[in-house]
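Single-letter residue listing:
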Amino acid sequence: MLNQLFWIVPICSVIALLFAWFFFKGMMKESEGNETMKRIAGHVRKGAMAYLRQQYKIVGLVFLVLCLFFAWMAYGPGLQNGWVWFAFLTGGFFSGLAGFIGMKTATYASARTANAASRSMNDGLKVAFRSGAVMGLVVVGLALLDISLWWLVLDCFVEEASATHKAVMITTTMLTFGMGASTQALFARVGGGIFTKAADVGADLVGKVEAGIPEDDPRNPATIADNVGDNVGDVAGMGADLYESYCGSVLATAALGAAAFITVPELQFNAILAPMLIAAFGVILSLLGIFMVKTKEGASQLQLLRALDRGINTSSVLIVAASFLVIHLLGLSYWICGSVITGLLTGIVIGKATEYYTSHAYKPTQDIAKSSETGPATVIIKGIGTGMISTAIPVITIVVGIILAYLFAAQFDMTDMSMGLYGVGIAAVGMLSTLGITLATDAYGPIADNAGGNAEMSELGAEVRQRTDALDALGNTTAATGKGFAIGSAALTGLALLASYIEEIKIGLIRLGHTTLEVGGKVVDTASAGLKDMMTYYDVNLMNPKVLAGVFIGSMMAFLFCGLTMNAVGRAAQKMVNEVRRQFREIKGIMEGKAEPDYARCVEISTRGAQREMIFPSLLAIIIPIIVGLIFGVAGVMGLLAGGLGSGFVLAVFMANSGGAWDNAKKYVEEGHLGGKGSECHKATVIGDTVGDPFKDTSGPSLNILIKLMSMVAIVMAGVTCMFSLL
């Protein structure tokens, strides 16, 4: 089944990992600065690693239970493929590994970035960005390596009556690898998000607002926990998040390609290989873009943004040409290139819209800052309103993107559902094809933030802090843009996974002995049944109360999940606030700089809060699709996934953009506008930022994982849903 082009995929994955190692070694050659800078970086590194060890223990127990359950399903009643439990385990392992490597790099890079910024803005940007590139390249490198290795293994061991059905079986089995990645990513995002925002809110409310001391002041007991949180939430959590987004888009599209070309055996493997090859070429072009990012001394926010855009846009333009080459080499229709271009343009538009609504170089965020003249209430009202308005462009863009990607792949034949949905899947691959550089711009943000904290605590010169503040403000915007990419890709991938779910249902029916189906008065071979046949067989339409029940539950899940994670941050932040107040009150000499705060105690509070609070919301995302399937069957699950996809996407955009805008409104004031640091306007924007913190770094970014994890769980549990349902 293999052809020679397949080997490009593992080769490009190895190239990505080699360059990640090259950038890591280059960063490590930089100096960490003076002894104070080294000591602070050591505190952060130690806290981050201690948190991850504790998190991996809890996640490991969850994975053990789920692996045993999947093994029982496979070897007991025979409801599952025997490879599923192992694929699930490896997906989680590589997702966690990507986050761990990225976080380890970030903890070593922050002090080095601050020290480099003491020389020039460009040096600071170069160290921070290339350290972020380690994360981007590790994610794409590990993902493509794991996907290609899994294909080789399953191609050797899976036995089916025909090569076409074997391809369908392999690709749907590989989707369960994606469930492992999604499960690990959700725990990492939720746990890391709770940790970092509990510390951040506590540090801001007591330090900035009550005590009136600067951000990252060494006198603030929560400042080390805040810097640790940037790494465990915004780096390790984000890396695991985008690893599963990347894998999910490639695997879902491969499964749809296997199904769409099942009647064209000579092109079926080529359709499976296409998303892998486009992603592989994206690795090389991301590297080219990374080397193009540089700036000049004294650059403005717009100039810094353009420096990053230059790398991203170059990679994006070249991936279009690479896609035409891939499609030509594989002998597929050139119309599919239209879907790839659509995905790229959709991602760019969403990114630009996010940049406009969250960067303080533009009017929406500046207006939020100006609303601080009448107090924190108007800051919050203005931020919520701006966030709601900001959903319009991404939603319209995704709608246009879905329709165009569908039409291009189906050659403007709306009835060709299989090819149309394959186009939607490959549009998601196009959007994420240059993830190596887009994730670098995202991971760069928390590194720059930590560099600023290190510079403040080490009492470096005002010029250094000015440079790190500029890099940090840029990081807030790039992080928001990165979240926009992740959320946008989740919408496209979620739709592709809906179609993949139906393919897995067909396999589940065959495994249970249902080799034929009666559809509309005619008998259809199950293996050859189309998507429309399956929709008719299970009565999936909006007049079916089971579908409507699923839609309502899916919509509710997005809000319930956000509510649980927001409250979790609130409870953990309350404990942090009380602890910081206690230390200010009981440890004499903190405010005079004569006594060192108990940083470890604050790290411990955030760690315990995150570990305890992350379990219930994360398990809920796994349990609800199973319960809905057992009660309402396939129709109910389809409604659940559609409802979760629609409401989750819009809510995620709103929360990410509101939070990003509040954060940068604070930065706008801190740069000297509206009275600058310490003014009443500054205090009002700090309050807005504390509200936005769980919006943009906990609940919002977790929603795109929720969307895909519910789909992945439904796919893995398809056999159970086929056998059991009450209604």
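Before reading on, note that the structure itself is shown above.
Residues numbered from 1 in each chain as written. Predicted model: local features only at pLDDT ≥ 70, side-chain atom pairs only at ≥ 80, totals over all residues. Heavy atoms only, no water.

(A) Representation of the overall build of the protein chain within the structure. Broken down by element type, the protein chain carries 21 helices and 2 strands. Taken against the 2.2 N^0.38 rule, which gives 27 Å for 727 residues, the C-alpha radius of gyration of the protein chain at 25 Å falls within 12% of a compact globule. Oriented by its inertia axes, the alpha-carbon framework of the protein chain measures out at about 85 × 50 × 40 Å. Relative to all contacts within the protein chain whose residues are 6 or more apart in sequence, the contacts with residues 24 or more apart total 83%. As displayed, the protein chain offers around 23800 Å² of accessible surface, 65% of which is attributable to carbon and sulfur atoms. (Helix = DSSP H or I, 4+ residues; strand = E, 2+ residues; numbered from the N terminus. Rg over C-alpha atoms; globule rule 2.2 N^0.38 Å. Contact = heavy atoms within 4.5 Å. Areas by Shrake-Rupley, 256 points an atom, 1.4 Å probe, with all protein chains shown as cover.)

(B) The nonpolar core, seen in detail. Grouped together as the largest cluster of nonpolar side chains are 231 residues, with contacts concentrated most on Phe 70, Tyr 243, Tyr 246, Tyr 422, Tyr 501, Ile 505 and Leu 703. Examining the composition of this core, we find that 25 residues originate from one element, helix H19 (residues 615–670), more than from any other. Formed by 6 residues, the second largest nonpolar core is a distinct cluster that contains Met 37, Ala 114, Ala 117 and Ala 451. (Core = buried A, V, L, I, M, F, W, Y, C linked by side-chain atoms within 4.5 Å. Buried < 20%, exposed > 50% of the residue type's maximum accessible area, 1.4 Å probe, protein only.)

(C) Focus on the pattern of salt bridges. Inspection of every chain in the model, using the stated rule, returns 26 salt bridges. Between Lys 696 and Asp 693 there is a salt bridge, with the nearest N and O atoms lying 3.9 Å from each other. Taken together, the positions of Lys 696 and Asp 693, both in helix H20 (residues 680–716) and 3 residues apart, correspond to about one turn of that helix. When salt bridges that share partners are traced, they join Lys 197, Asp 663, Lys 666, Asp 689, Asp 693, Lys 696 and Asp 697 into one network. (Salt bridge = Lys/Arg side-chain N within 4 Å of Asp/Glu carboxyl O.)

(D) Looking closely at the packing of helix H5 (residues 163–211) against helix H18 (residues 599–613). Direction vectors running N to C along H5 and H18 enclose 145°, while the axes themselves pass 8 Å from each other. In the packing of H5 onto H18, the handedness of the crossing is right-handed. Between H5 and H18, the contacting residues are Gly 191, Ile 194, Phe 195, Ala 198 and Ala 199 on the first element and Val 603, Ser 606, Thr 607, Gly 609, Ala 610 and Glu 613 on the second. Classifying every residue of the contact of H5 with H18 gives 6 nonpolar, 4 polar and 1 charged. (Axes fitted to C-alpha atoms, helices over the stretch in contact; angles between N-to-C directions. Left-handed = near helix turned anticlockwise from the far one by under 90°. Nonpolar A, V, L, I, M, F, W, Y, C, P; charged D, E, K, R; others polar.)

(E) Just the packing of aromatic side chains, in detail. Tallying each qualifying case throughout the model produces 27 aromatic pairs. Here Phe 6 and Trp 7 contribute two aromatic rings whose centre-to-centre distance is 5.4 Å and whose plane-to-plane angle is 80°, an arrangement assigned as edge-to-face. Residue Phe 6 is classed as buried on the basis of its relative accessible area, which comes to 0%. A relative accessible area of 38% places Trp 7 in the partly exposed class. (Phe/Tyr/Trp six-rings, centres within 6.5 Å; stacked < 30°, edge-to-face > 60°.)

(F) Layout of the side chain of Ser 316. Along the chain, Ser 316 falls in helix H8 (residues 301–330). Residue class for Ser 316 comes out buried when judged on its relative accessible area of 7%.

(G) Focus on unusual backbone geometry. Even without being a glycine, Gln 411 presents a positive backbone phi close to 55°. Within the fold, Gln 411 resides in the loop between helix H12 (392–409) and helix H13 (417–432). We classify Gln 411 as partly exposed; its relative accessible area is 47%. Despite not being glycine, Asp 539 shows a phi value in the positive range, around 55°. Note on placement: Asp 539 falls in the loop between helix H16 (531–537) and helix H17 (545–586).

(H) Layout of a nonpolar patch on the surface. A surface patch of nonpolar side chains, about 730 Å² in accessible area, is lined by Ile 623, Ile 627, Leu 630, Ile 631, Met 723, Phe 724, Leu 726 and Leu 727. Broken down by element, the nonpolar patch gets its largest block of residues, 4 residues, from H19. (Patch = residues over 30% accessible without salt bridge, like charges linked within 9 Å, V, L, I, M, F, W, Y side chains within 5 Å.)

(I) How the structure looks around the side chain of Ser 702. By the secondary structure assignment, Ser 702 is in helix H20. With a relative accessible area of 0%, Ser 702 lands in the buried category. Here Ser 702 is in contact with Leu 186, Arg 189, Val 190 and Phe 561, once residues within four sequence places are set aside.

(J) Expanded view of H19. Here H19 spans only 37 Å end to end across 56 residues, well under the 82 Å set by a 1.5 Å rise per residue. When the local axis directions of H19 are compared, the greatest deviation, roughly 135°, occurs at Phe 632. Of all 56 residues in H19, 45 are buried, a share of seventy percent or more. The first or second residue beyond H19 is Gly 672, which carries a positive phi of 115°. (Expected span 1.5 Å × (residues − 1). Bend = angle between axes of the 7 residues up to and from the residue.)

(K) Layout of the packing of helix H7 (residues 265–292) against helix H14 (residues 435–457). Contact pair H7 / H14: the axes reach a minimum separation of 7 Å and the direction vectors enclose 40°. Classified by the interaxial angle, the pair formed by H7 and H14 is oblique. Two secondary-structure elements touch here, H7 through Ser 286, Gly 289 and Ile 290 and H14 through Leu 435, Gly 436 and Ile 437. Tallied by class, the residues present in the contact of H7 with H14 amount to 3 nonpolar, 3 polar and no charged. (Parallel < 35°, antiparallel > 145°, perpendicular 65-115°, else oblique.)

(L) Inspection of the environment of Gly 550 at higher detail. In this fold, Gly 550 is placed in helix H17. According to the relative accessible area criterion, Gly 550 is buried, its value standing at 0%. When neighbours within four sequence positions are excluded, Gly 550 is seen to be in contact with Gly 636, Gly 639 and Leu 640.

(M) Highlighting the pairing of strand S1 (residues 516–519). Alternating positions in S1 separate cleanly, Leu 517 and Val 519 being buried on one face and Thr 516 and Glu 518 remaining unburied on the opposite face. Pairing of S1 with strand S2 (residues 522–525) involves 4 bridges; the strand directions are antiparallel. The partner of Val 519 across the bridge, within S2, is Lys 522. Turn length for the S1-S2 hairpin, with the two strands adjacent in sequence and antiparallel, is 2 residues, and the turn residue Gly 520 shows positive phi of about 60°. (Pairing = 2+ DSSP bridges.)

(N) Region of interest: the environment of Val 569. Locating Val 569 in the fold gives a position in helix H17. In this structure the C-alpha to C-alpha distance between Val 569 and Gly 521, which are 48 residues apart in sequence, comes to 55 Å. Aside from chain neighbours lying at most four places away, what touches Val 569 is Gly 193, Ile 194, Lys 197, Ala 198, Pro 694 and Thr 698.

(O) Geometry of H14. With 23 residues, H14 should cover 33 Å at 1.5 Å per step; its first-to-last C-alpha distance of 33 Å lies within 8% of that length. For H14, the buried fraction is high: 23 of the 23 residues fall into the buried class. Following H14 by one or two positions, Glu 459 has its phi on the positive side, about 55°.

(P) Seen up close, the environment of Ile 626. Topologically, Ile 626 is positioned in helix H19. Taking the C-alpha atoms as reference points, Ile 626 and Ala 718, 92 residues apart in sequence, are found 9.1 Å from one another. If we ignore the near neighbours within four places in the chain, the residues touching Ile 626 are Val 713 and Met 717.

(Q) Looking closely at the state of the cysteines. The tally for this structure, following the rule as stated, stands at 0 disulfides. No disulfide involves Cys 12; its nearest neighbouring cysteine sulfur is the one of Cys 247, lying 16 Å away. (Disulfide = S-S within 2.5 Å.)

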